[in-house]
Amino acid sequence: MALGECSEKIQAFWFGANGCEYVAWKGSHQIYVYPTDEYPSPPSYIIQHKKRIETLEEFDNALIHGIRMRATYSEIGTGVFGD
């Protein structure tokens, strides 16, 4: 049984558990982790995987075996051009 779900329409994988949402774009190496109590903040950490996440099986493998990396953010400006 798979842990996550796949949306072919948006080419992404998703899983929700333990107060977090886990999201990966098809073809990426990362799963972005969004704690639901910090919404709408950016992801608090990512899960880095050694292979591209192309299938639901690979998404599940990344969830279980991927390397967790804490994300830190600092303000650099506003808007797309940072002014």
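The preceding data block contains the structure.
These remarks concern the structure in this document. (Residues numbered from 1 in each chain as written. Predicted model: local features only at pLDDT ≥ 70, side-chain atom pairs only at ≥ 80, totals over all residues. Heavy atoms only, no water.)

### A look at the sheet that holds strand β6 (residues 67-70)
Then step 1. Read from one edge to the other, the open sheet built from six strands follows the order β1-β2-β3-β4-β5-β6, with strand pairing classed as antiparallel. The sheet terminates laterally at β1 (5-7) and β6, the two strands that pair on one side only. In this sheet, adjacent strand axes meet at a mean angle of 25° when their direction is disregarded.
Then step 2. For strand β5 (residues 45-48) and β6, the ladder comprises four bridges, and the chain directions are antiparallel. (Pairing = 2+ DSSP bridges. Helix = DSSP H or I, 4+ residues; strand = E, 2+ residues; numbered from the N terminus. Axes fitted to C-alpha atoms, helices over the stretch in contact; angles between N-to-C directions.)

### Quick look at the side chain of Asp-60
Then step 1. Here Asp-60 lies in helix α1 (residues 56-65).
Then step 2. There is no salt bridge for the buried Asp-60, and the closest opposite charge comes from Arg-68, which lies 11 Å off by N-O distance. (Buried < 20%, exposed > 50% of the residue type's maximum accessible area, 1.4 Å probe, protein only. Lys, Arg positive; Asp, Glu negative; His and termini not counted. Salt bridge = Lys/Arg side-chain N within 4 Å of Asp/Glu carboxyl O.)

### Examining the packing of aromatic side chains
Then step 1. Tallied over the entire structure, the rule returns two aromatic pairs.
Then step 2. Between Phe-13 and Phe-59 the ring centres are 5.6 Å apart and the planes differ by 20°, which places this aromatic pair in the stacked class. Of this pair, Phe-13 sits in strand β2 (residues 12-17) while Phe-59 sits in helix α1, and the two are 46 residues apart along the sequence.
Then step 3. For Phe-13, a relative accessible area of 2% puts it in the buried group.
Then step 4. With a centroid separation of 5.9 Å and an interplanar angle of 35°, the aromatic rings of Phe-15 and Tyr-22 are classed as tilted. (Phe/Tyr/Trp six-rings, centres within 6.5 Å; stacked < 30°, edge-to-face > 60°.)

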